[in-house]
Amino acid sequence: MVRKQKSKGRFLDEGAAKEELTELTKKIRENDELYYLKDSPSLSDAEYDALRKRLIFIENKFPHLIVADSPSQTVGVAPAEAFSKVRHGQPMLSLSNAFSKEDVVGFVSKVKRFIGVDECSEVQFLAEPKIDGLSAALRYENGVFVQGATRGDGLVGEDVTANLATISDIPKSLEGNFDSAVLEVRGEVYMAREDFLQLNVDRERNGDEQFSNPRNAAAGGLRQLDPKITAQRKLKFFAYGYGELRKGGADFSLGTTLLEVRERFVELGFILNEPCRMSASIEELLEYYDKIVVERPSLPMDLDGVVYKVNDLALQARLGAVPRSPRRAKAQKFPA
Ligand code: IVH
């Protein structure tokens, strides 16, 4: 049987879908290599998002064409050879994206369906700015910062401990009793816009190539073999989540909700991304998005969207994850 699906006003048969998926995968992979390994992508974020959107659209029409190593099923790229490797205790996933109000409505409905409550029931979401940087995992043993890694392909990242140790926002030891504890804090390394502009002025003066945006400058700064160069880049860090949490051989928690976890993070000495908002309805989530769109130019760092996260950690655990991203959260991206 020949399968045909209407796409962009024309019919896409299975052969054409396969061909287009191969082409899209090639372009996405090429850009991923440049983005994650060379910190200098050839496509704009909007062009890249459009490729991924098209790939997911075709895969949804022809689900049997989804392969295990499709960009829709995987995260980032394998770590560069220049760095030692760190295997993450728990995978570092990415976020699925919403590009419209309808996508946000779909996300909230899906969460409610999945946890088995009706559409009218309230589920609390925490909304946060999505800062355009690169994710890092910080491992603390007995309350002391011992290892830091990039996300890499989500399973294995690059060991950038010495570089992360130069960032003053990252506590080197934690307040409180963490004897025989392992605590992994995850968050975003980024560069403030002002520091990015100054860096490019300095680079121009020295005849060095300019960075195209603060994200690439931050990634280039963190993925240095010499931590002295990282230290000059004035990188910043905010905490958005956690990985392994073990004390005396047993799991422990930082709270029962994300809001409580955020409070714990502050007590431990971490900086959070603001402004955040608790929302119990789609209208409130969309209001938050509109507010951030207005405030965006006056914030000190570049954002590429906002993130909505289920606040209750027990619900988060029930929601689980699909290969690339957890069901508990969604990023709503800004338009190009
Ligand atoms: S939560 C499963 N919160 O965006 C990953 N991520 O596009 C949960 N990011 O990999 C991440 N701001 O590097 C989260 N407030 C925020 C964020 C944020 C930026 C980054 C993070 C993530 C990427 C996904």
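Residues numbered from 1 in each chain as written. Predicted model: local features only at pLDDT ≥ 70, side-chain atom pairs only at ≥ 80, totals over all residues. Heavy atoms only, no water.

**Focus on the pattern of salt bridges**
Side-chain pairing between opposite charges can occur once the charged atoms of the two side chains come close.
Inference 1: This structure, assessed with the given rule, holds 20 salt bridges.
Inference 2: The salt bridge involving lysine 333 is made with aspartate 49; its shortest N-O contact spans 3.0 Å. Taken together, the positions of lysine 333 in strand E14 (residues 329-333) and aspartate 49 in helix H2 (residues 45-61) put the pair 284 residues apart, joining distant regions of the chain.
Inference 3: On the basis of relative accessible area, lysine 333 is assigned to the buried category, the value being 10%.
Inference 4: Aspartate 202 is paired through a salt bridge with arginine 205; the nearest N and O atoms lie 3.4 Å apart. Here aspartate 202 pairs with arginine 205, and both are found in helix H5 (residues 193-205), just 3 residues apart, close to one helical turn.
Inference 5: Aspartate 202 gets classed as partly exposed once you look at its relative accessible area, which sits at 28%.
Inference 6: A relative accessible area of 62% places arginine 205 in the exposed class.
Inference 7: Several salt bridges converge on common partners, so that one network encompasses Glu128, Arg262, Glu274 and Lys309. (Salt bridge = Lys/Arg side-chain N within 4 Å of Asp/Glu carboxyl O. Helix = DSSP H or I, 4+ residues; strand = E, 2+ residues; numbered from the N terminus. Buried < 20%, exposed > 50% of the residue type's maximum accessible area, 1.4 Å probe, protein only.)

**Section: the sheet that holds strand E6 (residues 134-141)**
Inference 1: With respect to topology, 5 strands assemble into an open sheet ordered E7-E6-E9-E10-E11, the strand pairing being antiparallel. One side of each edge strand has no neighbouring strand; the edge strands of this open sheet are strand E7 (144-150) and strand E11 (250-251).
Inference 2: Judged from the 8 bridges that link them, E6 and strand E9 (residues 181-190) form a sheet pairing that is antiparallel. When the sheet's bridge partners are listed, arginine 139 is paired in E9 with glutamate 184.
Inference 3: Along the sheet, helix H6 (residues 214-222) makes contact with E6, E7 and E9, crossing E6 at roughly 40°.
Inference 4: This element, helix H8 (residues 258-268), spans E9 and strand E10 (236-247) of the sheet and lies at about 100° to E10. (Pairing = 2+ DSSP bridges. Contact = heavy atoms within 4.5 Å. Axes fitted to C-alpha atoms, helices over the stretch in contact; angles between N-to-C directions.)

**Thoughts on the packing of aromatic side chains**
Inference 1: All told, the structure shown has 9 aromatic pairs when counted by the stated rule.
Inference 2: Aromatic pair tyrosine 140 and phenylalanine 145: ring centres 5.7 Å apart, planes at 50°, arrangement tilted.
Inference 3: On the basis of relative accessible area, tyrosine 140 is assigned to the buried category, the value being 0%.
Inference 4: On the numbers, 5.7 Å between centres and 45° between planes, the contact of tyrosine 289 with phenylalanine 334 is tilted. Placement of the pair is tyrosine 289 in helix H9 (residues 282-295) and phenylalanine 334 in the segment after E14, with a sequence separation of 45 residues. (Phe/Tyr/Trp six-rings, centres within 6.5 Å; stacked < 30°, edge-to-face > 60°.)

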